[in-house]
Amino acid sequence: MSSAIAPIRTAGIATGLALAALLVLSFQVPASGQSLGAGVRMLAMAPGEVHVPRAGAFLSARGLTPGGEPARGSLPVTNVTRGAVDVRLRARKGGRELDRSLHVELRAGGRRLASGPLSRLRHWSRSLRVERGEERIVRVRAWIPAGTPGTAGRRVALQLALDAELVKATRR
Amino acid sequence: MTALATPRRGRLRLRLASALPALRLVRGVVRLAAFVATGFAVGIALALAVPLAFHARPLAVLSGSMEPALGTGDVSVVRSIAPLDARPGDIVTFRDPNDPERLITHRVRGMRAQGDRVVFVTRGDANNVSERWRVPATGEIGRVMYRIPELGWALMYARSKGLFVVLLAGALALLLVLELTAIWRKDGSNGEPAA
């Protein structure tokens, strides 16, 4: 009698287990495929000699991952004085959590004003000459080099402070 | 009396003999269904018990705040993860910031690392208010791996009435099934014609 039941038992229990497995598989809650990158937001603050657009951040990124695409932004700087000015930039405020891992490059007219970890941008950059009435575009690139650990979910909001110095006219 | 009874018994035996294939088929189907149900119950029990060995545990869903992803009365099997392993979009279980005794299961809307802590913004899919909470980066939260619909009612009932009552009822039901099976088998062997 038991030998007659055995195939039914095996088939029945196997079917039941398979149904349970199917139920579990069909009610799986998949993990989110989103990546958790680092975020950076940069606003500019300029003195009276130069004008920068005040509306919002000129660079904003949330998905920066090590070795991933850099975030890019551009900052138009207009000289509103009657003479030429030398403009320097540096990062102010914002958390220091990404100071070592986030790299930033500032360029204007093919010339590099600053490049390196964000901590380096805490000091003044090289100066950029902006002639009277001229507008120069400062291009900013921010990225995290491949293999940098501990950046997931970190965010910084920075203020890029500008300093302008009037260039004294040389008499001939 | 005996002379009259003997032909009746013979007719009954003949009827039974002619009905035997159908009875066997019904019995086979019932047995198969019983084994399928047993296998299914064992499978579900395994789906709840096996995760316990892998830092996961089953939790009954008590509210509809995550409808339709998680329904009231479902069981969600939740695995422990490091806070920074969660991602926006995941359904996570965490301690209520206002009542640490209470567990909440909601979807991550945003998260950020801040010093040695991770700040989460979560919201139930059916809610219109988010909650903001923080947890040490070295701590643990839960991520929902899968759910078993409606099974939570049984877990909640077992908890409210005491597990003992449920176990006792289960044992009695098992005893009843075994007794009925034994009687059935006895009847079946009597009815079968001798080889």
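Residues numbered from 1 in each chain as written. Chains lettered and ligands numbered in written order. Predicted model: local features only at pLDDT ≥ 70, side-chain atom pairs only at ≥ 80, totals over all residues.

Here we take up the nonpolar core. Val40(A), Val50(A), Val87(A), Leu102(A), Val140(A), Ala142(A) and Leu162(A) are the most contacted members of the largest nonpolar core, which totals 38 residues. If sequence neighbours within four positions are ignored, Leu102(A) has contacts with Ala38(A), Val40(A), Pro117(A), Leu118(A), Ala142(A) and Ile144(A). Counting residues in each nonpolar core, the second largest holds 22 residues, with Ala56(B), Val77(B), Val78(B) and Val144(B) among its members. (Core = buried A, V, L, I, M, F, W, Y, C linked by C-beta atoms within 7 Å. Buried ≥ 20, exposed ≤ 12 C-beta atoms within 10 Å, placed from the backbone. Contact = placed C-beta atoms within 7 Å.)

Read from one edge of the open sheet, five strands run β2-β4-β9-β6-β7 (chain A), paired in antiparallel fashion. Edge positions in the open sheet fall to β2 (50-51) and β7 (111-117) of chain A, since each of these has one partner strand only. (Pairing = 2+ DSSP bridges. Helix = DSSP H or I, 4+ residues; strand = E, 2+ residues; numbered from the N terminus.)

With that settled, the discussion passes to the interface of chain B and chain A. Across the contact, 30 residues belong to chain B and 26 residues belong to chain A. When the residues that make up the side of chain B that touches chain A are grouped by side-chain class, the tally is 19 nonpolar, five polar and six charged. (Nonpolar A, V, L, I, M, F, W, Y, C, P; charged D, E, K, R; others polar.)

Residue and element names in this part refer to chain A. Spatially, five strands are ordered β3-β1-β10-β5-β8 in an open sheet, and the strand pairing comes out mixed. Of all strands in the sheet, those bounded by a partner on one side alone are β3 (59-64) and β8 (128-130). When the angles between neighbouring strand axes are averaged without regard to direction, this sheet yields 25°. Judged from the eight bridges that link them, strand β5 (residues 85-92) and strand β10 (residues 155-166) form a sheet pairing that is antiparallel. Bridged to Arg 90 within β10 is Ala 161. (Axes fitted to C-alpha atoms, helices over the stretch in contact; angles between N-to-C directions.)

Looking now at unusual backbone geometry. Residues and elements named next belong to chain B. That bond from Glu 67 to Pro 68 is cis: its omega, 0°, falls within 30 degrees of zero. By the secondary structure assignment, Pro 68 is in the loop between β1 (56-60) and β2 (75-81). The phi dihedral of His 55 is positive, around 55°, even though this residue is not glycine. Note on His 55: 12 C-beta atoms within 10 Å, which makes it exposed. If you check the backbone angles, Glu 150 has positive phi at about 70° while not being a glycine. Mapping Glu 150 onto the fold places it in the loop between β7 (141-148) and α2 (151-161). C-beta crowding within 10 Å serves as the criterion here: with 12 such atoms nearby, Glu 150 is assigned to the exposed category.

All names here are of chain B. Note that Arg 109 resides in strand β4 (residues 99-114). Residue Arg 109 is classed as partly exposed on the basis of its C-beta count, with 14 C-beta atoms lying within 10 Å. Those residues within four positions of Arg 109 in sequence are excluded, and the remaining contacts are Pro 88, Val 121, Thr 122, Arg 123 and Ser 130.

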